[in-house]
Amino acid sequence: MTVHFIGAGPGDPDLITVRGLKLIMTCPVCLYAGSLVPERVVAAAPEGARVLDTASMTLDEIVAAMEDAHSRGLDVARVHSGDPSIYGATAEQMRRLDALGIPYDVTPGVPAFAAAAAALKMELTIPEVAQTVIVTRTAMKSSAMPEGEDLATLGRSRATLAIHLSIRNLREIERQLAPLYGADCPVVVAYRVGWPDEAFLHGTLADIAEKVRAAKLTRTALIFVGRALEPGRTFRDSALYDADHVHVLRPKKKAKD
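The rules behind these values
- Residues numbered from 1 in each chain as written.
- Predicted model: local features only at pLDDT ≥ 70, side-chain atom pairs only at ≥ 80, totals over all residues.
- Heavy atoms only, no water.
- UniProt positions renumbered as here; feature names shortened; annotations may be inferred.
- Helix = DSSP H or I, 4+ residues; strand = E, 2+ residues; numbered from the N terminus.
- Contact = heavy atoms within 4.5 Å.
- Areas by Shrake-Rupley, 256 points an atom, 1.4 Å probe, with all protein chains shown as cover.
- Lys, Arg positive; Asp, Glu negative; His and termini not counted.
- Charge placed at Lys NZ, Arg CZ, Asp CG, Glu CD.
- Domains from an automatic or database assignment.
- Buried area = accessible area lost by both parts, 1.4 Å probe.
- Buried < 20%, exposed > 50% of the residue type's maximum accessible area, 1.4 Å probe, protein only.
- Pairing = 2+ DSSP bridges.
- Axes fitted to C-alpha atoms, helices over the stretch in contact; angles between N-to-C directions.

- Under the annotation held in an unreviewed UniProt entry, the protein chain carries the name Precorrin-4 C(11)-methyltransferase (CobM) and is attributed to Polymorphum gilvum.
- Taken directly from UniProt, the Pathway (unreviewed entry) text for the protein chain runs: "Cofactor biosynthesis; adenosylcobalamin biosynthesis."
- Word for word, the UniProt comment on the protein chain under Sequence similarities (unreviewed entry) is "Belongs to the precorrin methyltransferase family."

Rendered as structure tokens:
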């Protein structure tokens with residue numbers, strides 16, 4: 001048997017990969033993070049499958065369910081939101097499975113920042129404005145941030161920031177980033193991307209906290225910060241399709257006689 005870690009995407013059942021959906025449809029055991037993964041995704045599990053919502057389960061209970069499936073030779077679909085490589089709490093599960101000798105693999109999913117950018121019709125890397133995207137979070141009740149990964153350090157790059165798990169920490173985000181990006185730097189808060197009630201709030205470092213408070217958003221939101229977000233910004237075209245940019249697939253044209 002194999003435990004299949006599957007990224008279900010940000011919420012819209014249509015955004016799961018073909019591979020991920022096929023695995024869910026064939027696994028007789030399905031564990032899913034019900035607080036973030038829609039039931040419609042795991043509704044594809046085969047008839048008679050054991051489907052468990054892990055939202056209220058501990059790590060020990062989750063691993064025990066995988067051990068039980070392993071003892072019976074049953075494949076497991078372990079369904080996480082977004083992509084399992086980002087804030088998925090998958091590493092600790094894999095460590096347990098390694099110790100138990102239980103095989104597993106990983107199927108990637110659409111991360112929330114990519115789905116949000118698509119919904120906003122926005123490119124996060126703009127020529128000569130921002131060519132780096134940093135996916136990070138801030139420390140509140142969760143584990144502390146490693147040394148050198150605080151916003152004041154990361155913000156010195158002035159890259160586009162995609163800040164997870166921090167919707168209740170906007171005042172601190174403003175405090176640390178305004179001196180680096182400017183108080184007028186654009187901010188977009190993406191709420192429940194891919195769900196029927198998804199919403200986007202546009203503002204700046206100076207006013208986004210008040211807008212979020214007024215909208216009563218307290219969880220399940222992603223915060224974008226950066227100059228690449230400025231609407232109608234003037235920027236140069238990418239060299240990729242420039243007529244004067246020569247590369248192996250578009251060699252220099254010979255001059256006509």
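Picking up after the structure, the text goes on.
**A closer look at the overall build of the protein chain**
Part 1 of the reasoning: Across its full length, the protein chain carries 8 helices and 10 strands.
Part 2 of the reasoning: If you line up the protein chain on its principal axes, its C-alpha atoms span 70 × 60 × 35 Å.
Part 3 of the reasoning: Nonlocal contacts in the protein chain, meaning residues at least 24 apart in sequence, comprise 67% of its contacts between residues at least 6 apart.
Part 4 of the reasoning: Summed over all atoms, the accessible surface of the protein chain reaches about 14300 Å², with 53% contributed by carbon and sulfur.
Part 5 of the reasoning: Between the mean site of the 29 positive side-chain charges and the mean site of the 31 negative ones, the protein chain shows a separation of 4 Å.

**Some thoughts on the domain arrangement of the protein chain**
Part 1 of the reasoning: Per the domain assignment, the segments of the protein chain are domain 1 (3-107) and domain 2 (112-229).
Part 2 of the reasoning: Distance from the C-alpha centre of domain 1 to the C-alpha centre of domain 2: 28 Å.
Part 3 of the reasoning: Facing the 9 residues of domain 1 at the interface are 12 residues of domain 2.
Part 4 of the reasoning: Where domain 1 abuts domain 2, roughly 810 Å² becomes buried across the two surfaces, and 70% of that area is made up of carbon and sulfur atoms.

**Some words on the pairing of strand E1 (residues 3-7)**
Part 1 of the reasoning: For E1, the tally of buried residues reaches 5 of 5 residues, placing the bulk of the element in the interior.
Part 2 of the reasoning: Note that E1 and strand E4 (residues 76-80) share 5 bridges and pair parallel. Looking across to E4, one finds that His4 is bridged to Ala77.
Part 3 of the reasoning: Two strands pair when backbone bridges link them, and E1 and strand E5 (residues 104-107) are joined in this way by 4 bridges, in the parallel orientation. Bridging across to E5, Phe5 finds its partner in Val106.

**Here's the deal with unusual backbone geometry**
Part 1 of the reasoning: Although it is not a glycine, Tyr87 adopts a positive phi angle of roughly 50°.
Part 2 of the reasoning: Here Tyr87 lies in the loop between E4 and helix H4 (91-100).
Part 3 of the reasoning: Judged by relative accessible area, Tyr87 falls into the partly exposed class, the value being 40%.
Part 4 of the reasoning: Phi angles above zero are rare outside glycine, and Leu165 is one such case at about 55°.
Part 5 of the reasoning: In this fold, Leu165 is placed in the loop between strand E7 (160-164) and helix H7 (170-181).
Part 6 of the reasoning: Taking the relative accessible area as the measure of exposure, Leu165 reaches 55% and is therefore exposed.

**Observations regarding the sheet that holds strand E2 (residues 29-32)**
Part 1 of the reasoning: Taking strand neighbours across the sheet as the criterion, the 5 strands line up as E3-E2-E4-E1-E5 in an open arrangement whose pairing is parallel. Looking at which strands have only one partner, the edges of the open sheet turn out to be strand E3 (50-53) and E5. Recorded for the sheet is a direction-independent mean angle of 15° between the axes of neighbouring strands.
Part 2 of the reasoning: Here 4 bridges tie E2 to E4, and the two strands are oriented parallel to one another. Within E4, the residue paired with Tyr32 across the bridge is Val79.
Part 3 of the reasoning: Where helix H1 (residues 18-26) meets the sheet, its contacts fall on E1, E4 and E5, and the angle it forms with E1 comes to roughly 135°.

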